[in-house]
Amino acid sequence: MSIFKRAFLYVIRKRGKTILLFTILLIMATFVLTGLSIWKASEAAQLDLRQSLGGKFDIFVDWSHSPYVVRETVKEEYDEETGKTSTNFIMYSTVQFTPENIAAIKGISSVKYCSARQDTLLPFDRVSLFPGTISTDAKYQSYTKVLGVCNTEDDELFTTGTLTLAEGRHISANDTHVAIISQDLAERNELKIGDYLTAHSYSMEDESFTGQEIKVQIIGFFTPSVVEQFGETITTYDKIQNRVFVDLQTSKEFDGGEINYGFSALHITIDDPQDMARVVADIKALPGIDWEAFIVEIDNETYENAAAPLATLNELVVILLVVIIVVSAIILALVLTLWTKTRIHEIGVFLSVGIRKSAIIGQYLIEVLLIAILAFGLSYFTSNAIAEQIGNHLLKQSMQTEQEDENDVSVAVDVGADNLIQKSLPTESGIHVSIGLYNLAQLYLIGLAIIIVAISASSIMVMRLKPREILSKMS
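> Help me understand the overall build of the protein in this model?
Along the backbone of the protein there are 14 helices and 13 strands. A burial count over the protein gives 43% of its 475 residues as buried. Long-range contacts, defined here as pairs at least 24 residues apart, represent 79% of the contacts in the protein between residues at least 6 apart.

> What's the story with the pattern of salt bridges in this structure? I'm lost.
One side chain can pair with another of opposite charge once the charged atoms of both are near each other. Taken as a whole and assessed by the stated rule, the structure comprises seven salt bridges. A salt bridge links Lys 145 to Asp 238, with the nearest nitrogen and oxygen atoms 3.0 Å apart. Within this pair, whereas Lys 145 is found in strand S6 (residues 143-149), its partner Asp 238 is found in the loop between strand S10 (213-224) and strand S11 (244-247), the two being separated by 93 residues in sequence. Judged by relative accessible area, which is 26%, Asp 238 ranks as partly exposed. Between Arg 278 and Asp 275 there is a salt bridge, and its shortest N-O distance comes to 3.8 Å. Owing to a relative accessible area of 32%, Arg 278 belongs among the partly exposed residues under this scheme. Counted as one network, the salt bridges with shared partners bring together Asp 275, Arg 278 and Asp 282.

> Would you mind showing me how to read the nonpolar core here?
Grouped together as the largest cluster of nonpolar side chains are 40 residues, with contacts concentrated most on Leu 25 and Leu 332. Contributions of two or more residues to this core are made by helix H2 (15-53), helix H8 (301-341), helix H9 (344-352), helix H10 (357-409) and helix H12 (437-458). With sequence-adjacent residues up to four places away left out, Leu 25 is seen in contact with Leu 332, Val 368, Ile 371, Ala 372, Ala 375 and Phe 376.

> Can you help me understand H12 in this one?
A turn of α-helix holds 3.6 residues, and therefore any two residues three or four places apart point the same way. Taking 1.5 Å per residue as the helical rise, H12 with its 22 residues ought to reach 32 Å, and the 31 Å between its terminal C-alpha atoms agrees with that figure. When we look at burial in H12, the residues that qualify are Asn 439, Leu 440, Leu 443, Gly 447, Ile 450, Ile 451, Ala 454, Ile 455 and Ser 458. Looking down the long axis of H12, one finds its buried residues gathered within 130° of arc, a one-sided arrangement. What points out from H12, more than 90 degrees from its buried face, is the exposed set Tyr 438, Leu 445 and Val 453.

> Explanation requested: the environment of Ala 372 in the structure shown.
Summarising the element assignment, Ala 372 is placed in helix H10. The spatial distance from the C-alpha of Ala 372 to the C-alpha of Phe 22 is 6.9 Å, given a sequence separation of 350 residues.

> Please clarify how the environment of Lys 40 should be interpreted in this entry.
With respect to the secondary-structure elements, Lys 40 resides in helix H2. Classification of Lys 40 by relative accessible area gives partly exposed; the value is 33%. Considered as a pair, Lys 40 and Gly 436 are 396 residues apart in the sequence and their alpha carbons are 9.9 Å apart. Aside from chain neighbours lying at most four places away, what touches Lys 40 is Ser 434, Gly 436 and Asn 439.

> Can you help me understand the pairing of strand S1 (residues 55-61) in this one?
Within a regular strand, side chains alternate between the sheet's two faces. Sheet analysis places S1 next to strand S12 (residues 265-270), joined by six bridges and oriented antiparallel. Among the inter-strand pairings, Gly 55 is bridged to a residue of S12, identified as Ile 270. The pairing of S1 with strand S13 (residues 294-298) spans five bridges and is antiparallel. When the sheet's bridge partners are listed, Val 61 is paired in S13 with Phe 294.

> What should I look at first to understand the sheet that holds strand S4 (residues 111-115) in this one?
Strand pairing in a sheet takes place through backbone hydrogen bonds and is either antiparallel or parallel in direction. Reading across from one edge, S4-S12-S1-S13 is the order of the four strands in this open sheet, with antiparallel pairing throughout. Two strands in the sheet have a free side with no partner beyond their single neighbour: S4 and S13. On average, adjacent strands in this sheet sit at an angle of 20° to one another, irrespective of strand direction. Against the sheet, helix H3 (residues 99-106) makes contact with S4 and S12, and its axis sits at roughly 160° relative to S4, the strand it touches most.

> I would appreciate a short explanation of helix H7 (residues 276-284) in the present structure.
Taken together, the buried positions of H7 are occupied by Met 276, Val 279, Val 280 and Ile 283. Buried residues of H7, seen end-on, are gathered within an arc of 100° and therefore sit on one face of the element. Buried-residue contacts for H7 involve S1, H3, S4, S12 and S13.

> How should I be thinking about the side chain of Asp 155 in this particular structure?
With respect to the element layout, Asp 155 can be found in the loop between S6 and helix H4 (156-159). Here Leu 157 takes part through its backbone nitrogen, which lies 3.0 Å from a polar atom of the side chain of Asp 155.

> Got a minute to help me understand the confidence of the model for the protein in this structure?
As a general rule, the predicted coordinates of low-pLDDT regions are not to be interpreted in detail. Residue-level pLDDT values for the protein average 79, and 77% of them are 70 or greater. Of all secondary-structure elements in the protein, the lowest mean pLDDT belongs to helix H11 (residues 415-424), at 42, while strand S8 (residues 178-182) reaches the highest, 96. Here residues 404-429 is modelled with pLDDT under 50, and outside its nearest four sequence neighbours on either side it reaches 25 contacts, counting other chains as well.

> Mind showing me how you'd approach the side chain of Gln 363 here?
You can see Gln 363 is positioned in helix H10. Overall, the relative accessible area of 1% leaves Gln 363 in the buried class.

> I'm lost on a nonpolar patch on the surface in this one. Help?
On the surface, Trp 39, Val 318, Val 322, Val 326, Ile 330 and Leu 334 cluster together into a nonpolar patch covering about 500 Å² of accessible area. Position of Leu 334 relative to the elements: it lies in helix H8.

> Is there a simple way to think about unusual backbone geometry in this case?
The phi angle of most residues is negative, glycine excepted, and most peptide bonds adopt the trans form. Positive phi, close to 55°, is recorded for Arg 126, a residue that is not glycine. Among the residues examined, Arg 126 registers a relative accessible area of 78% and is labelled exposed. Although it is not a glycine, His 177 adopts a positive phi angle of roughly 55°. Mapped onto the secondary structure, His 177 falls in the loop between strand S7 (163-168) and S8.

> Mind showing me how you'd approach the state of the cysteines here?
By definition, a disulfide links two cysteine residues through a covalent bond between their sulfur atoms. Per the counting criterion, the structure on display carries zero disulfides. Take Cys 114: it sits in no disulfide, and the sulfur closest to it among the cysteines is that of Cys 150, at 8.4 Å. By relative accessible area, which is 4% here, Cys 114 ends up buried.

> I would appreciate a short explanation of the packing of aromatic side chains in the present structure.
Centre-to-centre distance and the angle between the planes together describe a pair of aromatic rings. Across all of its chains, the model carries eight aromatic pairs by this definition. Summarising the aromatic geometry, the rings of Trp 291 and Phe 294 are spaced 6.2 Å apart at their centres and angled 75° between planes, so their arrangement reads as edge-to-face. For Phe 294, a relative accessible area of 6% gives the class buried. Aromatic side chains Phe 376 and Tyr 444 sit 5.5 Å apart centroid to centroid with 75° between the ring planes, which places their arrangement in the edge-to-face category. Highlighted residues: Phe 376 in helix H10 and Tyr 444 in helix H12, separated in sequence by 68 residues. Residue class for Phe 376 comes out buried when judged on its relative accessible area of 2%. Tyr 444 gets classed as partly exposed once you look at its relative accessible area, which sits at 31%. If you follow Arg 188 out to its NZ or CZ, it ends over the ring of Phe 130, 4.7 Å from the centre.

Basis of the calculations
- Residues numbered from 1 in each chain as written.
- Predicted model: local features only at pLDDT ≥ 70, side-chain atom pairs only at ≥ 80, totals over all residues.
- Heavy atoms only, no water.
- Helix = DSSP H or I, 4+ residues; strand = E, 2+ residues; numbered from the N terminus.
- Buried < 20%, exposed > 50% of the residue type's maximum accessible area, 1.4 Å probe, protein only.
- Contact = heavy atoms within 4.5 Å.
- Salt bridge = Lys/Arg side-chain N within 4 Å of Asp/Glu carboxyl O.
- Core = buried A, V, L, I, M, F, W, Y, C linked by side-chain atoms within 4.5 Å.
- Expected span 1.5 Å × (residues − 1).
- Arc of directions from axis to C-beta.
- Pairing = 2+ DSSP bridges.
- Axes fitted to C-alpha atoms, helices over the stretch in contact; angles between N-to-C directions.
- Polar contact = N/O pair within 3.5 Å; in protein donor to acceptor, adjacent residues only side chain to side chain.
- pLDDT = per-residue confidence, 0-100.
- Patch = residues over 30% accessible without salt bridge, like charges linked within 9 Å, V, L, I, M, F, W, Y side chains within 5 Å.
- Areas by Shrake-Rupley, 256 points an atom, 1.4 Å probe, with all protein chains shown as cover.
- Disulfide = S-S within 2.5 Å.
- Phe/Tyr/Trp six-rings, centres within 6.5 Å; stacked < 30°, edge-to-face > 60°.
- Lys NZ or Arg CZ within 6 Å of the ring centre and 35° of its normal.

Listed below in structure tokens is the structure:
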């Protein structure tokens, strides 16, 4: 008779032992499968969180230590009342980021956006601006903020949804003398796509924008997601509806000099915050960027605060899985060891008819596997019934623990970041725990390992005893 048939007949005949072993294996499989599914759900939630938040960091001129920073005196003024002389100066870096640098950074894996801009205040001829709520010098009442960019599609205001391109197209790296303005400003001044705005370059003699005439063509309109609320204090040139985007070449011409054909700061967004160190290292390895001039500032606090409860949940689930697996192996080994002692007579008979010890142990393994296959399959339904409730309970406990830790160390999170964290974490509906075929396959592999360890531990006695010793025990 084959060992498969002997194993099957034994399982059928010993119903009490079979039911008890089935119950033990079902409980063990339910907890293991529940842990595996929660682990998978936690990993998926962390991935969704990373993708929704992204990672951000800034690279800017090191104004304090860069050897390329130049400070030039522009004008000295004498105050007759105080008798003191004040000096006006400009400070700039002779090494800046170029459009080629930005293109190279955007080519790095995981970099989603690379935003860079130059800010200039200047007036446009015959353009009526929306008035601000703060009174300014008469000179600046007609001024607005002009942002020089390589392209607007990657600009942070557009990538974050603060501004949306409503009509026309974005400014690209190859554009010259083009502009994008707000749809509100266009309607106020009866402007349409294809019309021109006129301004002048900066004149060092007059210290104002009275130099060469420069015309830019309107190629697009944007709409802001939020405008200033009633009662909010803001200057005319800071109003979002008055903002104007132009290409980098035009921005340089408005400035009236060669020193600013580049960017002193970059804002970089990446797909996954976990790639932050690698992306920064890749950027620093790019040729053509002198890192004596720049400094990197990483702000990953929002992601870290949001991901902490999920990371804690992940660690907790891993610990529970290890404990469940070890305890299951120990309990199963003890039960099988006790049963093996009750089968001394059977072992002696098998040995006396020439059946090898390895075949006897193989039969024991097949017996347990026959029961385990059914128990592990049924655990799919029992785990589905409890996995999500247990997962959400553990997540709440993790969030409470993290909150207590933050209170203990007085962690301060700004309102915007806190709101983002609350929106990103699945606090109300909890994490979605589902059990798939992959988890079931994992269960069978882990269960097989546990059973093999338990059978091996419980069969030590069989392997060590000699036939004569077994017969003496039988008598």
